[in-house]
Amino acid sequence: MENNIREIKEKCNVFSKCVDVDLDFQENLMSYNDDLLKIIRCCVNNYIVNTDYANSTLTVYGKSKIYLTYVSESTSCITTADFEEDFQKTVAIEGGYEDVTADVSVVNRYSNFRVINQRRIDIHNAFALDIKLCAPSPINMIEEAEGVLIKRDTVNYLSLVGTSYSKAEFEDEAAIPSDSDVIRKIINTFATVRCEDVKIIKDKMLVRAAADFSLLYTTDTEKEVIRKCEKSVTISKIVDIGGIDEGDDAIVKLTLGNVYAKPKADKNNELRGIELIGDIHLNSSVYRKISARFSTDSYATENEIKNEFSKISLNTNGAVISDIINDKTVFEFDNVNIVEILDLSLNMNDGKNLELAAYVRNENAELIFITQKKEISVKEFNTAALYVKSFDYIVKSANEISVRYLIEYTAAEFEEKTYSILSDIQFSDTTVSESPALVVYFARENELIWDIAKKFRTSADLIKAENELKDDVLDSRRILLIPGM
């Protein structure tokens, strides 16, 4: 007998791992930079540029952007420097897959530095790559077979349609208050990015993002007064992802890449503006809700048969959801007496930690940089993009800052489940004995009508019709009449 076979090429989860990355950089100040006396802040921003899968190896390409705020040895004034380093990480993937879809994001751990001399700094950079790979695992499924009854189960699942790594550039200007002295030097830039809106059409996705900048600058006075300027920038990007369509859902993780802030002269040739140039990187994952019927079992009423099965893993009972978290927390800093906060930034780090960073003055009027991470209550998701939408803060005491925050997130949640799919049926010449025309059966609670029909080699539909049943599972113990075929 010939079987009617259909090939299933659904993409399945084939690899999931968090890979640690440790990098050491040796950075030398450029010739135009002042010698350093003391470092106030050194931070590292890691982001992914692209991925490539070939010959059972995934290669992740990324950049580490290093920002330095320090006191100049020659002038005792605050100044800045920045450096950029490329990195790549290769990960062996067993299986020899084709048409791989890679979803990779950075989980920042920590960074520290050591001053070697007035011109050189050694930096240790530690982070992790959260890697998830999907690839087609083609299997055959029996659709129809002559003389065979086939069980079909409906499965609802999330399919990862595609991913993309892209870059969106921005350029804008910010003006300082008219009553402020002119800008002498920009000494720090806090920046946060968030996804505002996503629209999907066939093979394309429009992403609208917002970047909020808070800049500290010194004025042209002998005392080097520090002031703050704020600016919000809207950024739009069209992302090409083949295979996506209307009705799909996207999770877009945004990471700040390069940021260049420099004073700009106005029409009176005074430095009263700030030019902002840079880029953000978009790690986009698009999911689709699918409902499919799979053949999961079979039996014949007249002949003995042998079923063969193949395995497939699917993201079942899944959904892409968006919601907000509105809460507050307190950050405590030992050995710091906060007299004044000059600027403060709040960001999400690795999906569960809220990271505060601030420039403060202590009781000695010294400029100090403080930072701290605090784990907040966030539901565990399979993958998520979380952004701080807004926040406000108060200084509770000399070493406590209370922060109220609003976090927006888009996340995918699902249960990875493996199914046995009927892939082949082997027929035997052995016939089965003829079943009686009618049998009385004492059925158990939660017993499947299919299992009862298979046991007596009759049809589930006949059992349901004979006993006036609507459901495929019995809700209580009862006596059934089992008709023959």
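Residue numbers restart at each chain and count upward from 1, following the sequence in its written direction. Given that this is a predicted model, residues contribute local features only at a pLDDT of at least 70 and side-chain atom pairs are listed and counted only at 80 or more, while totals for whole chains, interfaces and linings are drawn from all residues. Side-chain numbers here rest on the full set of heavy atoms in the structure, without hydrogens or water.

> Could you give me a rundown of the overall build of the chain, with the residues and numbers involved?
If you tally the helices and strands in the chain, you get two helices and 22 strands. With C-alpha atoms as the basis for the radius of gyration, the globule rule is written as 2.2 Å multiplied by the number of residues raised to the power 0.38. A compact globule built from 485 residues would reach a C-alpha radius of gyration of about 23 Å, whereas the chain, at 31 Å, exceeds it by more than 25%. Only protein chains enter the accessibility calculation, which uses a 1.4 Å probe; a residue whose area is less than 20% of its type maximum is buried, one above 50% is exposed, and one in between is partly exposed. A buried classification covers 47% of the 485 residues belonging to the chain. Long-range pairs, those at least 24 residues apart, make up 75% of the contacts in the chain with a sequence separation of at least 6. All accessible areas in this document rest on Shrake-Rupley with a 1.4 Å probe, and a residue is counted as covered only by the protein chains that are shown. Total accessible area on the chain is roughly 24800 Å²; 42% of this is exposed by carbon and sulfur atoms. For the charge count, each Lys or Arg is scored as positive and each Asp or Glu as negative, with His and the chain ends excluded. To locate a charge, the coordinates of NZ of Lys, CZ of Arg, CG of Asp or CD of Glu are taken. With 57 positive and 82 negative side-chain charges, the chain shows a spacing of 2 Å between the two charge centroids. Secondary structure elements are defined from DSSP: runs of H or I of at least 4 residues count as helices, runs of E of at least 2 residues count as strands, and each element is numbered from the N terminus. Throughout, a contact is declared for two residues whenever any of their heavy atoms are within 4.5 Å.

> Hey, could you go over the sheet that holds strand β9 (residues 148-175) for me, with residue numbers and the actual values?
Each pair of strands is called paired provided DSSP finds at least two bridges between the two strands. The sheet built from six strands is open, its strands ordered β13-β14-β9-β15-β20-β19 with antiparallel pairing. Two strands lie at the open edges of the sheet, namely β13 (249-265) and β19 (383-397), each paired on one side alone. Between one strand axis and the next, the sheet turns by 15° as a mean value, whatever way the strands run. In this structure, β13 lies alongside strand β14 (residues 271-300), joined through 15 bridges in antiparallel fashion. Bridged to Asp249 within β14 is Tyr287. Here an angle of 0 to 180 degrees is reported between the N-to-C directions of two axes, which are lines fitted to C-alpha atoms, with helices fitted over the stretch in contact. Taken strand by strand, helix α1 (residues 449-456) contacts β9 and β14, and its axis lies near 30° from that of β14.

> Account for a nonpolar patch on the surface, with residues named and values stated.
Two joining distances apply to patches: 9 Å for like charges and 5 Å for nonpolar side chains (Val, Leu, Ile, Met, Phe, Trp, Tyr), and every residue must have over 30% relative accessible area and no salt bridge. The salt bridge criterion pairs a side-chain nitrogen of Lys or Arg with a carboxyl oxygen of Asp or Glu, the two atoms within 4 Å. On the surface, Leu438, Val440, Phe442, Ile479 and Leu481 cluster together into a nonpolar patch covering about 490 Å² of accessible area. Elements that contribute at least two residues to the nonpolar patch include exactly β21 (438-443) and β22 (478-483). If you tally residues by element for the nonpolar patch, the top one is β21, at three residues. Turning to its location among the elements, Val440 is positioned in strand β21.

> Tell me about the environment of Phe414, and name the residues and values.
Here Phe414 shows up in strand β20 (residues 400-431). Distance in space between the C-alpha atoms of Phe414 and Tyr157 is 7.9 Å, their sequence separation being 257 residues. With residues up to four places along the chain from it excluded, the contact list for Phe414 reads Asn13, Leu158, Tyr287, Asn315, Thr316, Asn317, Gly318 and Asn382.

> Outline the side chain of Ser166, supporting the account with residue identities and numerical values.
Here Ser166 lies in strand β9. Classification of Ser166 as buried rests on a relative accessible area of 15%. Excluding its chain neighbours within four sequence positions, the residues that come into contact with Ser166 are Lys237, Val239, Ile280, His281 and Leu282.

> Give me the nonpolar core: which residues, what numbers.
Residues Met205, Phe213, Leu254 and Ile280 are the most contacted members of the largest nonpolar core, which totals 44 residues. The set of elements that each furnish at least two residues to this core consists of β9, β10 (183-201), β11 (204-219), β12 (226-240), β13, β14, β19 and β20. Tallying contributions element by element places β11 first for this core, with seven residues. With residues up to four places along the chain from it excluded, the contact list for Ile280 reads Ser166, Lys167, Ala168, Phe170, Val193, Ala209, Ile235, Leu254, Thr255, Leu256 and Gly257. Note on terminology: a nonpolar core comprises buried Ala, Val, Leu, Ile, Met, Phe, Trp, Tyr and Cys residues joined through side-chain atoms within 4.5 Å.

> Describe in detail unusual backbone geometry, supporting the description with residues and values.
Of note, the phi angle at Ser56 is positive, near 60°, even though the residue is not glycine. Phi angles above zero are rare outside glycine, and Glu468 is one such case at about 55°. Of note, Glu468 is situated in the loop between α2 (460-466) and β22.

> Tell me about α1, and name the residues and values.
Buried residues of α1: Ile449, Trp450, Ile452 and Ala453, and no others. All buried residues of α1 lie within an arc of 165° about the axis, which places them on one face of the element. Elements that come into contact with the buried residues of α1 comprise β9, β14, β21, α2 and β22. Phi turns positive, to about 55°, at Arg457, one or two residues after α1. The arc in question is formed by the directions pointing from the helix axis toward the C-beta atoms.

> Describe the pairing of strand β6 (residues 101-115), naming the residues involved and giving the relevant values.
Pairing geometry for β6 and strand β7 (residues 120-136), over 14 bridges, is antiparallel. Following the sheet pairing, Asn108 is matched in β7 by Phe127.

> Got a sec to walk through the sheet that holds β10? Specific residues and values, please.
Across the sheet, three strands lie side by side as β10-β11-β12; this open sheet has antiparallel pairing. Strand pairing shows two members of the sheet lacking a second neighbour, β10 and β12, which therefore form its edges. Pairwise comparison of adjacent strand axes, ignoring direction, gives a mean angle of 15° for this sheet. Across 15 bridges, β11 lies against β12 in antiparallel orientation. The partner of Thr218 across the bridge, within β12, is Ile226.

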